[in-house]
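# Structure at a glance
For reference, the chains in residue letters:
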Amino acid sequence: MTPSFRRTVAEHQEAVSALLEPVLTGLGSETLMLSRALHRTLDADVVAPRQLPPFDNSQMDGYAVRTADLAAGLPLGVGRPIAAGSMPEPLESGQAAPIMTGAPIPEGADAVVPIEAAEPSAFPGFVGDRQPYVPGTTVLLPAVVAPGSYIRTRGSDVLTGQPLLPAGTRLGPAQLGLLAGLGIESVTVRVRPRALLLSTGDELAAPGADLAPGQIHDANTTMLSAALLEAGWDVEGTDIAIDDARSFTEALARRLAGAGQASAERRGTPDLVLTSGGISQGAFEVVKLALAAHGVEFGSVAMQPGGPQGAGLLALPGTAEVPLLAFPGNPVSSYVSWEVFLRPACCAYLGLPARRMLSLPLASGLASPHGREQYRRATLVADAVSLTGGESSHLLGSLAQSNALIRIPAHTTSVAPGEMIDVLLIGDAA
Ligand SMILES: Nc1nc2c(c(=O)[nH]1)N[C@H]1C(S)=C(S)[C@@H](COP(=O)(O)OP(=O)(O)OC[C@H]3O[C@@H](n4cnc5c(N)ncnc54)[C@H](O)[C@@H]3O)O[C@H]1N2
Ligand code: MOO
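About the thresholds
Residues numbered from 1 in each chain as written. Chains lettered and ligands numbered in written order. Predicted model: local features only at pLDDT ≥ 70, side-chain atom pairs only at ≥ 80, totals over all residues. Heavy atoms only, no water. UniProt positions renumbered as here; feature names shortened; annotations may be inferred. 1 Å grid on protein atoms, 1.4 Å probe; cavity = no way out; pocket = protein on both sides within 12 Å on 5 of 7 lines; lining within 4 Å. Points joined across faces, edges and corners; volume = space filled by probe spheres on them. Helix = DSSP H or I, 4+ residues; strand = E, 2+ residues; numbered from the N terminus. Nonpolar A, V, L, I, M, F, W, Y, C, P; charged D, E, K, R; others polar. Domains from an automatic or database assignment. Near = heavy atom within 4 Å. Polar contact = N/O pair within 3.5 Å; in protein donor to acceptor, adjacent residues only side chain to side chain. Areas by Shrake-Rupley, 256 points an atom, 1.4 Å probe, with all protein chains shown as cover. Sits in = over half its atoms within 2 Å of the grid points. Expected span 1.5 Å × (residues − 1). Buried < 20%, exposed > 50% of the residue type's maximum accessible area, 1.4 Å probe, protein only. Contact = heavy atoms within 4.5 Å. Salt bridge = Lys/Arg side-chain N within 4 Å of Asp/Glu carboxyl O.

Identification of the protein chain as Molybdopterin molybdenumtransferase from Paeniglutamicibacter cryotolerans is taken from an unreviewed UniProt entry. Checking UniProt for the protein chain, the heading Sequence similarities (unreviewed entry) contains the comment "Belongs to the MoeA family." UniProt, in the comment section headed Function (unreviewed entry), describes the protein chain in these words: "Catalyzes the insertion of molybdate into adenylated molybdopterin with the concomitant release of AMP."

Set out below in structure tokens:
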């Protein structure tokens, strides 16, 4: 079967982005409590509903003072202690009020002196939980203290009405902490896109299953599912049996129409069908045989691994159209297809940062096929990039050792040791 398209990597990236854009921008939003919003993507800008800190408060355990009272260098009377969470009385002239970190600054005070700078450098005994106040105690404080010292002024962190987090922000612990600190209990986030994942191949057995002769364990379902989940997708698996093109098409159509799912799980058409395997030049390429007649184009991209690709709007009888991407079955090909095509197409919508591309010298030389953009697995430690293994696309072991992909342009056939190359960071560099 001749491929229906021949594309460069950039051309296929564009095709995949164009295919997904309508569903990703049309998913709508939902409101979630903060406790359920980790790694979700804000759908609307968040503007501060109040200021932070909400009131002037102490940055230290110490004494709230009027700095003018200190200049004489004389002991001051110790006033009533001010705990965090209480509302203090105004500070009387000539007094220093014991104040705890986070407690409101009393009216009249213009600085806090840390307890370590006081003489004595420990609070009097009555400054404790529910102890009666003892008038007449004194404390000696430094004569020169700058007004404003150790006061955290209201609004010094966040001002009321300040734009804080733009729509599209992915909510991590710090962003959720800020929202909570502002008293916001729920957020409007984008509905997670949902993918139906199908790994095809008679040779595949689930992890944990005994292998019949010629079988291998299915790596791609777990790997692609994890990649999608990490990026913010919902993933549905399927146990559709893939015997022949016709029964596969019928079973997929039933599944897309929601048949056979518990009603609680029936949520209509997924936003993407992602398949792996069954798309190259073999005699049993079920995905290609089944779906080429239903809106999906199969062809080749000038790339290695990941050359065979399929993409299109799947239109099966009785179902709504759904974007479909068909990745090649070799595990590294599938993973590289995710990194090069699908992840870039959805990361902006999901608030995921795009992978960083660095230019670094390669430790050893390599050869690369002419006319194909090659992606080699590599390890980046400090500023040194070295290949993690060979170029073949079955090498899952070396993929798992890698934190980077090296990109070798289509026209480059060899790279000399020390030559600069493009490095796509896919993991944490040590
Ligand atoms: N005559 C040609 N043969 C092949 C070509 C070609 O151009 N001409 N392309 C090769 C390339 S490149 C790739 S990549 C593969 C793509 O093949 P398919 O997408 O049809 O995938 P399968 O044949 O189903 O599987 C390929 C390989 O990967 C293993 N596999 C498949 N699924 C999984 C899975 N879920 N977990 C682990 N391993 C999986 C499968 O057993 C095969 O070894 O075609 C080449 N052939
Ligand atoms: O292009 Mo295949 O995807 O190399 O192994």
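## Overview of the layout of surface pockets
Here the largest pocket defines a volume of roughly 820 Å³. As for the largest pocket, its lining consists of 40 residues, and the residues nearest its centre are Glu203, Gly277, Gly278, Gly329 and Asn330. Those elements that place two or more of their residues in the lining of the largest pocket are strand E15 (216-217), helix H5 (286-291), strand E18 (296-301), strand E19 (303-304) and helix H6 (331-350). Grouping the amino acids of the lining of the largest pocket by side-chain chemistry returns 16 nonpolar, 18 polar and six charged. Of the domains in this structure, domain 1 (4-28 + 191-350) and domain 4 (357-425) are the two that each give at least three residues to the lining of the largest pocket.

## Let's talk about the site of ligand 1
Around ligand 1, 21 residues are found, and the nearest of them are Glu203, Asp218, Ala219, Ile279 and Gly329. In the environment of ligand 1, an oxygen atom lies 3.1 Å from a nitrogen or oxygen atom belonging to the backbone of Ser280. Asn330 places a polar main-chain atom, nitrogen or oxygen, 3.2 Å from an oxygen atom of ligand 1. Surface burial for ligand 1 is 66%, taken as the share of its 870 Å² of free accessible area covered by protein chains. Of all the cavities here, the one that holds ligand 1 is the largest pocket. Counting residues per element, the ones that place at least two in the shell around ligand 1 are E15 and H6. Tallied by class, the residues present in the shell around ligand 1 amount to seven nonpolar, eleven polar and three charged.

## Brief notes about helix H4 (residues 245-256)
With twelve residues, H4 extends 16 Å from end C-alpha to end C-alpha; this agrees with the ideal 16 Å at 1.5 Å per step. Among the residues making up H4, those that are buried are Phe248, Thr249, Ala251, Leu252, Ala253, Arg255 and Leu256. The elements touched by buried residues of H4 are strand E13 (194-199), strand E16 (234-236), strand E17 (272-276), H5, strand E20 (308-314) and strand E21 (322-327). N-cap assignment for H4: the residue whose side-chain oxygen lies 2.9 Å from the backbone N of Arg246 is Asp244. Residue Gly258 follows H4 closely and has a positive phi angle near 95°.

## What about the site of ligand 2?
Taken together, Gln304, Pro305, Gly306, Gly307, Pro308, Pro328, Asn330, Ser333 and Ser393 make up all the residues around ligand 2. For ligand 2, an oxygen atom lies 3.3 Å from a polar atom in the side chain of Gln304. Contact distances for ligand 2 include 2.2 Å between an oxygen atom and a side-chain N or O atom of Ser393. Of the residues in the shell around ligand 2, the class split is three nonpolar, six polar and no charged.

## Looking at the pattern of salt bridges
Tallied over the entire structure, the rule returns ten salt bridges. Residue Glu297 pairs with Arg7 through a salt bridge whose shortest N-O separation is 3.5 Å. Placement of the pair is Glu297 in strand E18 and Arg7 in strand E1 (residues 5-7), with a sequence separation of 290 residues. Under the relative-accessibility criterion, Arg7 is labelled buried at 18%. Of the charged contacts in the structure, one is a salt bridge between Glu236 and Arg255, with a shortest N-O distance of 2.7 Å. With Glu236 in strand E16 and Arg255 in helix H4, the pair connects residues that are 19 residues apart, well separated along the chain. For the pair Glu236 and Arg255, one class covers both residues: buried. Here the salt bridges do not stand alone but share partners, grouping Arg194, Glu236 and Arg255 into one network.

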